Amino acid sequence: MKQGEFFMTDLTDLTLIEQQMLLAIMRLHPNAYGVSIRDEIKTRTNKEYSFGSIYAVLERLENGGLIESREGEATAVRGGRKKLYFTIAGAGEKALQASLNAMDAMRSGLKLGGAFA
Amino acid sequence: MSADFKHVNLLEHLFISRSSNQQTSLEHLLREINMEGEASEPRSLEDLLQEIKHNQLMEGVVLYRHLLLGEQGAFSLRSSERPRILLHHSLRTEPPRVAELLVSWVSWCTKKRYRAALRDDLDEVFQRDLSKGMTVARAGLRYWGSALGSITPQLLALAKRIGIFGLIADYARRLLH
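Residues numbered from 1 in each chain as written. Chains lettered and ligands numbered in written order. Predicted model: local features only at pLDDT ≥ 70, side-chain atom pairs only at ≥ 80, totals over all residues. Heavy atoms only, no water.

Draft legend 1. Representation of the overall build of chain A within the structure. Assigned secondary structure in chain A consists of four helices and four strands. Ordered by position from the N terminus, the helices and strands of chain A form the series α-α-α-β-β-α-β-β. Taken across its 117 residues, chain A has 45% of its residues classed as buried. When contacts within chain A are restricted to residue pairs at least 6 apart in sequence, long-range pairs at least 24 apart make up 52% of them. For chain A, the computed accessible surface area is about 6,500 Å², with 52% contributed by carbon and sulfur atoms. (Helix = DSSP H or I, 4+ residues; strand = E, 2+ residues; numbered from the N terminus. Buried < 20%, exposed > 50% of the residue type's maximum accessible area, 1.4 Å probe, protein only. Contact = heavy atoms within 4.5 Å. Areas by Shrake-Rupley, 256 points an atom, 1.4 Å probe, with all protein chains shown as cover.)

Below you can see the structure in the form of structure tokens.
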């Protein structure tokens, strides 16, 4: 991996919550919506975000063209109301890959907690 | 869960599928039911048809078409079942109204569909808490907590935008001098 390869683009400028959100959307595909995204992040990271934070991030990601949303069908659990489903866009996958690569490049070779990261 | 609960739940699915003006196939209905994880094991199409047949939820001819001819598309529900479903809907516990209004009001600056999705997600968690056996009061408290947690970042942003912190700082400075 060449040094400085990832500094040429702002694709790596994803925050932790944005990374987690994109990964959760990919994992839950095609059933990623507010509640399932929050549950997935909570199960895997033990971190519970509020729905306000989740939707603020989702809105930002959608405005940036990294994810797409569509309205689902009405379900009984929601009293006949529709869910808003999210899917990752091509640009989102690229940004996530670049961001995770940048993180890997930063931690490569470092000893964390007595083991190689 | 009792068999009766499953029955009502299935009826509710059928009712909503019909009222949402969509061509709903049995496959779609099955996907919906399995996705919501009501049963510990995913149900097969055959199980679903047996359940529908056992509870006499569909008109005989339509059921026959589905069972023997594998026909897809919209299906009809016995008209005698409608009052039971409507009764079940009217018994649905609603989340705290004030908290709900507060969420809708504070998140006015977000997109309309995001606002609706946020409110519906909070409602889904509230209903899930109740279905787990939580009391209405406790589920309501949790709803309030989630609602306040959801609007706090937006309230802070709003306060920043209209310069409330500056006004408070000015007021405090004036008091001190």
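Draft legend 2. Structural detail: the packing of helix α7 (residues 112-131) of chain B against helix α8 (residues 136-161) of chain B. All names here are of chain B. Taken N-terminus to C-terminus, the directions of α7 and α8 make an angle of 155°; their axes are 9 Å apart at the nearest point. With respect to their mutual orientation, α7 and α8 come out roughly antiparallel. At the point where α7 passes α8, the crossing takes the right-handed sense. Judged by residue contacts, Leu118, Arg119, Leu122, Asp123, Phe126, Asp129 and Leu130 of α7 engage Val136, Ala139, Gly140, Arg142, Tyr143, Ser146, Ala147 and Ser150 from α8. When its residues are assigned to classes, the contact of α7 with α8 shows eight nonpolar, three polar and four charged. (Axes fitted to C-alpha atoms, helices over the stretch in contact; angles between N-to-C directions. Parallel < 35°, antiparallel > 145°, perpendicular 65-115°, else oblique. Left-handed = near helix turned anticlockwise from the far one by under 90°. Nonpolar A, V, L, I, M, F, W, Y, C, P; charged D, E, K, R; others polar.)

Draft legend 3. Structural view of the packing of helix α3 (residues 51-63) of chain A against α7 of chain B. At their nearest, the axes of α3 of chain A and α7 of chain B sit 10 Å apart, and the two run at 145° to each other. Handedness of the crossing formed by α3 of chain A with α7 of chain B: right-handed. Listed contacts from α7 of chain B to Phe51, Gly52, Tyr55, Leu58, Glu59 and Glu62 of chain A of α3 of chain A are Arg113, Tyr114, Ala117, Leu118, Asp121, Leu122 and Val125 of chain B. When its residues are assigned to classes, the contact of α3 of chain A with α7 of chain B shows eight nonpolar, one polar and four charged.

Draft legend 4. Structural context of the nonpolar core. One finds Met21, Ile25, Ile37, Tyr55, Leu58 and Phe86 of chain A to be the most contacted residues of the largest nonpolar core, which totals 41 residues. Mapped onto this core, the elements with two or more residues apiece are α1 (16-28), α2 (34-45), α3, β2 (82-88) and α4 (90-107) of chain A together with α6 (97-106), α7 and α8 of chain B. At seven residues, α7 of chain B tops the list of elements feeding residues into this core. Leave out the neighbours within four places in its chain, and Tyr55 of chain A touches Gly34 and Phe86 of chain A together with Tyr114, Ala117, Leu118 and Asp121 of chain B. (Core = buried A, V, L, I, M, F, W, Y, C linked by side-chain atoms within 4.5 Å.)

Draft legend 5. Local environment of the pattern of salt bridges. Per the counting criterion, the structure on display carries eleven salt bridges over all chains. Across the salt bridge formed by Glu62 of chain A and Arg113 of chain B, the nearest N and O atoms sit 3.4 Å from each other. Of this pair, Glu62 of chain A sits in helix α3 while Arg113 of chain B sits in helix α7, on two different chains. Classification of Arg113 of chain B as partly exposed rests on a relative accessible area of 31%. (Salt bridge = Lys/Arg side-chain N within 4 Å of Asp/Glu carboxyl O.)

Draft legend 6. Spatial organisation of α2 of chain A. Taking 1.5 Å per residue as the helical rise, α2 of chain A with its twelve residues ought to reach 16 Å, and the 16 Å between its terminal C-alpha atoms agrees with that figure. Along α2 of chain A, the residues that are buried comprise Gly34, Val35, Ser36, Ile37, Arg38, Glu40 and Ile41 of chain A. Buried residues belonging to α2 of chain A abut α1, α3 and β2 of chain A together with α7 of chain B. A positive backbone phi angle near 65° is found at Asn46 of chain A, which sits one or two residues after α2 of chain A. (Expected span 1.5 Å × (residues − 1).)

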